[in-house]
Protein chains: 2
Amino acid sequence: MMQPHKRVIDAGIRQTQRDETMVKRTSFEGDSCPVARSLEAIGDWWSLLIIREALLGLRRFGEFQSKLGMAKNILAARLRSLVDHGILETAPASDGSAYQEYVLTPKGRGTFPILVALRQWSEAFDDRPEEIATILVDREKGRPVKKLELRAEDGRLLTQAETTLKLRPAPRRRSAG
Amino acid sequence: MMQPHKRVIDAGIRQTQRDETMVKRTSFEGDSCPVARSLEAIGDWWSLLIIREALLGLRRFGEFQSKLGMAKNILAARLRSLVDHGILETAPASDGSAYQEYVLTPKGRGTFPILVALRQWSEAFDDRPEEIATILVDREKGRPVKKLELRAEDGRLLTQAETTLKLRPAPRRRSAG
DNA sequence: GCATATGGTTTTATGATGCAACCACACAAG
DNA sequence: CTTGTGTGGTTGCATCATAAAACCATATGC
């Protein structure tokens, strides 16, 4: 059920040496692993928490700053990075103040399953689950949501062992040949 | 040169002061948000990639090291942290070599949905999806898996907007003890 | 114009990360 | 038993990111 020896896929993650300062932070920008690519965008300490607050409706710099209790410079850097990655975008106004707001793009809202997965992992495995303050519920019924489930094309519930990785079929030059 | 005046670190910000070196990395250990609690354990650059490789069957220090291309000291630190968090555990042997292996615990295998969510987010929103090399497929049929879906207790498919957070009902002072 | 709140940037300090070098141990050869 | 090599890891140092505070710029109100 599991190939213990060499796998062909993904043989050798290399860090992208940028110019000459290759002691950077091992960027995963050019990596072929989609997990690594996600982490490149939202794999740092604060990004997912900022996104989480944004999903809950926060929009203003000061809201994030006071809610998350983080330093303003860090927040500014994270917001800029999230905007650069197309996860947030700045909207010029909303409440009259000529300041700007940070709102989630579709890509940003698309992180919701990631946050749910993180939440459910805590709920399932945390050593002190009693310290978890909130529950994600179905808004309509007020009942806890089900666990995320992975299904096959035909609807069968899949565990990790029932899945495997395949190479993408066609590197596809450019149109059909 | 000009020594700046005494730094008053105890400014009253929220951060979890551990012992006395409170300029650490803003640990989320005591946070009540389950997302933050997850990130505390696996929210750094390497942990999820190590877990990913472990899910694919890697067990040995050298396997991780050559596969991920990371420095050995970083790997050692991450492995230790993952063991401390109950995500990996060390098994004394397997192939005769008197060395140890790192195998996933149930808690570690429980991260699978997180990795799937990260993967699917990349697949859906990455700017250069053609660089993604692998596809997660149903092992039996060889067909791509469906997107993770969040459902209500009664099976209704839920979007983020159809969910909300509720406070945990009972803080429960250790009942019946 | 001046006080204050908001929204950042700059400065400075510390911790984390990255890499190389080194060390400890196991195993094999001589 | 000694040497050699591969594995598994630690130590040192350079560099980078992060953190906190101070500072600055723009808005808004009086």
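The following refers to the structure shown. (Residues numbered from 1 in each chain as written. Chains lettered and ligands numbered in written order. Predicted model: local features only at pLDDT ≥ 70, side-chain atom pairs only at ≥ 80, totals over all residues. Heavy atoms only, no water.)

## Quick notes on the overall build of chain A
Scanning chain A from N- to C-terminus turns up six helices and four strands. Walking chain A from its N terminus toward its C terminus, one meets helices and strands in the order α-α-α-α-β-β-α-α-β-β. For chain A, the residues scored as buried account for 43% of the 177 residues in total. Of the roughly 9900 Å² of accessible surface on chain A, 52% is carried by carbon and sulfur atoms. (Helix = DSSP H or I, 4+ residues; strand = E, 2+ residues; numbered from the N terminus. Buried < 20%, exposed > 50% of the residue type's maximum accessible area, 1.4 Å probe, protein only. Areas by Shrake-Rupley, 256 points an atom, 1.4 Å probe, with all protein chains shown as cover.)

## Thoughts on the interface of chain B and chain A
Counting from both sides, the interface comprises 91 residues of chain B and, opposite them, 98 residues of chain A. Buried area between chain B and chain A, summed over both chains or domains, comes out near 9000 Å², and the portion from carbon and sulfur atoms is 60%. For the chain B face of the interface with chain A, the top three residues by lost area are W45, W121 and R139 of chain B, together amounting to 10%. The tally of links between chain B and chain A comes to 14 salt bridges. With its nearest N and O atoms 2.9 Å apart, the salt bridge here joins E153 of chain A to R143 of chain B. Taken together, the connections running from chain B to chain A amount to 43 residue pairs in polar contact (both at pLDDT 80 or more). Only helix 1 (34–42), helix 2 (47–55), helix 3 (61–68), helix 5 (106–109), helix 6 (112–125), strand 3 (134–138) and strand 4 (163–167) of chain B provide two or more residues apiece to the side of chain B that touches chain A. Ranked by the residues each element gives to the side of chain B that touches chain A, the list is headed by helix 6 of chain B, at 12 residues. Looking at the side of chain B that touches chain A, its residues break down into 44 nonpolar, 16 polar and 31 charged. Alignment of strand 3 (residues 134–138) of chain A against strand 4 of chain B, held across five bridges, turns out to be antiparallel. From the neighbouring strand, L136 of chain A faces strand 4 of chain B, where its bridge partner is L165 of chain B. (Contact = heavy atoms within 4.5 Å. Buried area = accessible area lost by both parts, 1.4 Å probe. Salt bridge = Lys/Arg side-chain N within 4 Å of Asp/Glu carboxyl O. Polar contact = N/O pair within 3.5 Å; in protein donor to acceptor, adjacent residues only side chain to side chain. Nonpolar A, V, L, I, M, F, W, Y, C, P; charged D, E, K, R; others polar. Pairing = 2+ DSSP bridges.)

## Structural notes on empty space enclosed by the protein
Here the idea is plain: a probe the size of a water molecule rolls over the atoms and shows the empty space left. Enumeration according to the criterion identifies three cavities of 30 Å³ or more in this entry. Approximately 90 Å³ is the volume attributed to the largest cavity. In this structure, the largest cavity is lined by 14 residues; those nearest its centre are L39, I42 and L48 of chain A together with L39 and L48 of chain B. Elements with a contribution of two residues or more to the lining of the largest cavity: helix 1 (34–42) and helix 6 (112–125) of chain A together with helix 1 and helix 6 of chain B. (1 Å grid on protein atoms, 1.4 Å probe; cavity = no way out; pocket = protein on both sides within 12 Å on 5 of 7 lines; lining within 4 Å. Points joined across faces, edges and corners; volume = space filled by probe spheres on them.)

## Here we look at the relation of the copies chain B and chain A
With an RMSD of 0.1 Å, the fit of chain B onto chain A corresponds to turning through 180° and sliding 0.0 Å along the axis. Both copies of the chain, as the preceding transformation shows, are related through a two-fold rotation axis. Comparing contact sets, 95% of the residues at the interface of chain B also lie at the interface in chain A, consistent with an isologous, same-surface contact. (Least-squares fit on C-alpha atoms with pLDDT ≥ 70 in both.)

## Remarks on the environment of G57 of chain A
Tracing the sequence through the fold places G57 of chain A in the loop between helix 2 (47–55) and helix 3 (61–68). Between the C-alpha atoms of G57 of chain A and V103 of chain A, which are 46 residues apart in sequence, the distance is 8.6 Å.

## Concerning the nonpolar core
In terms of nonpolar packing, the biggest core is built from 79 residues, with I42, I50 and I51 of chain A together with I42, I50 and I51 of chain B touching the most fellow members. For I50 of chain B, the residues in contact, after removing those within four places along its chain, are F64, L68, M70, L75, R78, L79, L82 and L88 of chain B. (Core = buried A, V, L, I, M, F, W, Y, C linked by side-chain atoms within 4.5 Å.)

## Side note on the side chain of E53 of chain A
All names here are of chain A. As for its placement among the helices and strands, E53 is situated in helix 2. Given a relative accessible area of 4%, E53 falls into the buried group. The contact partners of E53, leaving out residues within four places of it in the chain, are L58, F64, K67 and L68.

## Details of the packing of helix 2 of chain B against helix 3 of chain B
To describe two helices that pack against each other, one gives the angle between their axes and the distance between the axes. Residues and elements named next belong to chain B. Axis separation between helix 2 and helix 3 bottoms out at 11 Å; the angle between their running directions is 115°. Crossing angle aside, the handedness with which helix 2 passes helix 3 is right-handed. Contacts between helix 2 and helix 3 involve L49, I50, E53 and A54 from the former and F64, K67 and L68 from the latter. Here the contact of helix 2 with helix 3 is composed, by residue class, of five nonpolar, no polar and two charged. (Axes fitted to C-alpha atoms, helices over the stretch in contact; angles between N-to-C directions. Left-handed = near helix turned anticlockwise from the far one by under 90°.)

## A short note on the side chain of D126 of chain A
In this structure, D126 of chain A sits in the loop between helix 6 and strand 3. On the basis of relative accessible area, D126 of chain A is assigned to the buried category, the value being 18%. From its side chain, D126 of chain A meets the backbone nitrogen of R128 of chain A in a polar contact 2.7 Å long. Among the polar contacts made by the side chain of D126 of chain A, one reaches the side chain of R37 of chain B at a distance of 2.9 Å. With residues up to four places along the chain from it excluded, the contact list for D126 of chain A reads W121 and I132 of chain A together with R37 of chain B.

## Brief notes about the environment of K72 of chain A
All names here are of chain A. Within the secondary structure, K72 sits in helix 4 (residues 72–84). The class of K72 is exposed, set by a relative accessible area of 53%. In this structure the C-alpha to C-alpha distance between K72 and G62, which are 10 residues apart in sequence, comes to 8.7 Å. Sequence-distant contacts of K72, defined by excluding residues within four places in its chain, comprise F61 and Q65.

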